[in-house]
Amino acid sequence: MRTYAGHSTARESNALYRKNLEKGQTGLSIAFDLPTQTGYDPDHELARGEVGKVGVSIAHKGDMHTLLDGIPLGEMNTSMTINATAAWLLALYLTVAEENGVDRGALQGTTQNDIIKEFLSRGTYAFPPGPSLRLIADMIAFTVDEVPKWNPINICSYHLQEAGATPAQEIAYALSTAIAVLDAARERVPEETFPRVFGRISFFVNAGIRFVEEHAKLRAMGQLWEEIGRARYGVTDERFLRFRYGVQVNSLGLTEAQPENNVIRIVLEALAVTMGRDARARALQLPAWNEALGLPRPWDQQWSLRIQQILAFETDLLEYPDIFEGSVVMDGLVSEIVDAARAEMATVEEHGGAVDAVNYMKTQLVESHRARVAAIERGDLKVVGQNVFTSTEPSPLREGSDGGILTVDPAVEEQQKDAVTEWRSSRDQSAVDAALSQLSEAARDDSINIMPATLACSAAGATTGEWAGALREVFGEYRAPTGVADAAMAPDDEALSELRDRVETVSEGLGRRLKILVGKPGLDGHSNGAEQIAVRARDAGMDVVYEGIRLTPARIAQAAVQEGVHVVGLSILSGSHLELIPSVLAELRDAGVDVPVVVGGIIPEADAEKLREAGVARVYTPKDFEISRIMGDIVDLVADRNGLAAAPAAA
């Protein structure tokens, strides 16, 4: 039983972990901030506004020592949601354990380490696909004997569903990723070791509100996983063939409108992965009711933990054999999902496997998510409190000066910048330089496992940014596909036709096609919303400039000048909006760009007012689910700024 937790500094997060363990949590699930996830130190330009926001800042082994102070690592099961820099964070964890006298063989836990889903949905990648897969394979080859109780990779379908995946797509893309990883790992371990490698692969899945279908999905996934083990890899040991998965239930379906309803959603989603014993999750973490509003407070996380404890200890959920065994309905649904997933896996294989098929899979997810959003807009997919039963009383949960969420002190970033500077000045620099040189040499030689050199960097006191920087010099930079350009045009409907007419009218007045720049400043990689805005703008007839994630304010302003855009749309979901949006506005002013700026993200109303005072024309949050209406607003803003009359919206 876990809650996904971590924020600000290692010291503050350590205090939070100790409190959670005292309340009955049985494992740790560490959330790292975006600079840590993407391989930057707190004082890097791209880390601005992101330090400590969506997780804890870990820049070196000193931070890791502080984070884990007083926690019995030999007894703890620790999940680390880390991907691009997973090898580095595992090395820091191993170094801290060793320096505290804990044997590696006793360590239990998981590094998520699924980089392909980062290219598809979450965006916290650091290196190109090939080298990234090599890092994963090296970690697997290293841990299978050195840290035998550790799960070196957690194939993560969670974010695929967040990006719009259907159950069949979620299964197909996750299992295709597993195949790519296993094929790479098989080349780096002895043949007799490989069945144990297969047995250490675990999964991290999503459970949505359609809990009967979601349970069937997990049964289907387990069936296909065993087939892959037996047929493709010749694994016969039943222990190694077990489908081992953990879950965080769906955050995509949590609403800003009537957020108290989210508690009911979370309970139902938890049932999907606990009711049937033969397909039950091995680890469960539940989001807090207010994650569509901002960062949960300790009390909110406690509520999520108590939900798990009530299900486990007050209900009879765990007392019976599998209650779905022999169900005609369940067996039929499982068979249907298995067939659809097999067909989609075959398509991925036709594209060359998961690595080569990243562009194909990304495009499919963009199209699936567009269909989901459109169904909510039309009312075909009903979301209580959002598009039906919207009449409501004010929520007492949101009362108080904090507005129902935790706000990270902006001073944390300056503290962490000063701290990493002090760390660098106090270490043996020659030892760090030697370790980083060893790392670079290992990276250049594919026959060398990169983990020993990574451990040497950790022990010497290198920083997160230095480790990742050395690898970037060898592996190069990478920008993942957005899926926007290749997505098929949306089918015509009344709302889209009307929007196209309005775009045509304004474009004629402008003397050229209305052009929008969609930008994501900072390190936030959650690009689903930005992609849907970009796709809808394209479908409506606008020219769209969308380069994807991880842009500096200066680069956004430069693109606005070079492309001659009429409006700029910015998306931030990491809580860094008050730092980054004003910077973008300043860069645009300095560049002489006078166009309306609209912003979307998880932004409290008090912050939205500050952004409007700073010059932002519109602020949209998760409650604003009608993309056609948002696009209509944008057309009107451009028309007003240019003294034009937009075509009127239909009554």
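1. Brief notes about the sheet that holds strand 2 (residues 28–31)
Turning to step 1, where the next piece is worked out: Sheet architecture is open: five strands sit in the order 1-2-3-4-5, paired in parallel fashion. Taken across any chain shown, the strands that pair with only one partner, and hence form the sheet edges, are strand 1 (4–5) and strand 5 (150–151).
Turning to step 2, where the next piece is worked out: With four bridges connecting them, strand 3 (residues 77–81) and strand 4 (residues 108–111) associate as parallel partners. Among the inter-strand pairings, Thr-78 is bridged to a residue of strand 4, identified as Gly-109.
Turning to step 3, where the next piece is worked out: Sheet strands in contact with helix 1 (residues 10–22) are strand 1 and strand 2, and its direction is about 155° off that of strand 2.

2. Observations regarding the domain arrangement of the protein
Turning to step 1, where the next piece is worked out: Considered domain by domain, the protein is made up of domain 1 (10–384 + 394–398) and domain 2 (494–641).
Turning to step 2, where the next piece is worked out: A separation of 31 Å is found between the C-alpha centroids of domain 1 and domain 2.
Turning to step 3, where the next piece is worked out: With 33 residues of domain 1 at the interface, the matching set in domain 2 holds 32 residues.
Turning to step 4, where the next piece is worked out: Each partner contributes to the roughly 2,600 Å² buried at the junction of domain 1 and domain 2, and carbon and sulfur atoms together form 52% of this total.
Turning to step 5, where the next piece is worked out: For the pair domain 1 and domain 2, the interface holds four salt bridges.
Turning to step 6, where the next piece is worked out: Among the salt bridges present, the one from Lys-53 reaches Glu-579, with a minimum N-O distance of 3.2 Å.

3. Quick notes on the side chain of His-60
Turning to step 1, where the next piece is worked out: Tracing the chain through its elements places His-60 in the loop between helix 2 (34–38) and helix 3 (61–67).
Turning to step 2, where the next piece is worked out: According to the relative accessible area criterion, His-60 is buried, its value standing at 5%.
Turning to step 3, where the next piece is worked out: In this structure the side chain of His-60 is engaged in a polar contact, spanning 3.2 Å, whose partner is the backbone nitrogen of Gly-62.
Turning to step 4, where the next piece is worked out: Not counting the four nearest positions on each side in its chain, His-60 is found in contact with Leu-92, Val-420, Trp-423, Ala-462, Thr-463 and Thr-464.

Quick notes on the rules
- Residues numbered from 1 in each chain as written.
- Predicted model: local features only at pLDDT ≥ 70, side-chain atom pairs only at ≥ 80, totals over all residues.
- Heavy atoms only, no water.
- Pairing = 2+ DSSP bridges.
- Helix = DSSP H or I, 4+ residues; strand = E, 2+ residues; numbered from the N terminus.
- Contact = heavy atoms within 4.5 Å.
- Axes fitted to C-alpha atoms, helices over the stretch in contact; angles between N-to-C directions.
- Domains from an automatic or database assignment.
- Buried area = accessible area lost by both parts, 1.4 Å probe.
- Salt bridge = Lys/Arg side-chain N within 4 Å of Asp/Glu carboxyl O.
- Buried < 20%, exposed > 50% of the residue type's maximum accessible area, 1.4 Å probe, protein only.
- Polar contact = N/O pair within 3.5 Å; in protein donor to acceptor, adjacent residues only side chain to side chain.

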